Amino acid sequence: MIIDTLSNAKKYFCVHPLFAKAFEYILSQGLGEIEPRKYVIDGDKLKAIVSFNAGRTVEEAISNFECHNKYIDIQLCIKGKET
């Protein structure tokens, strides 16, 4: 897991071939006005899913560890605070 700010996005372009396109999409959006739904960016290869859900508690996160075998996700907290 990488925890950073969007201002450092370019540092991570080398991590995956689609990261540059993903961050370019994120940075081009009006994040305060974006509607919750699925956005197709590059066919089946790259999509954005916008949702306004409360985060999990520490206890929930520990008891149900999240991992990805097929996909990578970039999670962005637009409003509030993520821990």
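In this text, all values refer to a predicted model and were calculated from it rather than measured experimentally.

1. Overview of the environment of Ser28
Considering the arrangement of structural elements, one finds Ser28 in helix α1 (residues 19-28). For Ser28, a relative accessible area of 51% gives the class exposed. A distance of 3.1 Å separates a polar atom in the side chain of Ser28 from a polar atom in the side chain of Gln29.

2. Section: the packing of aromatic side chains
The final tally for this structure, using the stated rule, is three aromatic pairs. Both rings, one in Phe13 and one in Phe23, keep their centres 6.3 Å apart while their planes meet at 25°; by these two values the pair is stacked. Separated by 10 residues along the polypeptide, Phe13 in the segment before α1 and Phe23 in helix α1 bring together distant segments of the chain. The exposure class of Phe23 is buried, given its relative accessible area of 8%. Where Tyr25 meets Tyr39, the ring centres are 6.5 Å apart and the plane angle is 50°; that geometry is what we call tilted. You can see Tyr25 sitting in helix α1 and its partner Tyr39 sitting in strand β1 (residues 38-42), a full 14 residues away along the chain. Taken individually, Tyr25 and Tyr39 each receive the classification buried, so the pair is uniform in this respect. Here a set of aromatic residues connected by ring pairs shows up, and it is made of Phe13, Phe19 and Phe23. Of note, Lys47 hangs over the ring of Tyr71, and the distance from its end group to the ring centre comes to 5.9 Å.

Definitions and cut-offs
- Residues numbered from 1 in each chain as written.
- Predicted model: local features only at pLDDT ≥ 70, side-chain atom pairs only at ≥ 80, totals over all residues.
- Heavy atoms only, no water.
- Helix = DSSP H or I, 4+ residues; strand = E, 2+ residues; numbered from the N terminus.
- Buried < 20%, exposed > 50% of the residue type's maximum accessible area, 1.4 Å probe, protein only.
- Polar contact = N/O pair within 3.5 Å; in protein donor to acceptor, adjacent residues only side chain to side chain.
- Phe/Tyr/Trp six-rings, centres within 6.5 Å; stacked < 30°, edge-to-face > 60°.
- Lys NZ or Arg CZ within 6 Å of the ring centre and 35° of its normal.

Note that every value here comes from positions in space, so none of it alone points to a role or purpose.
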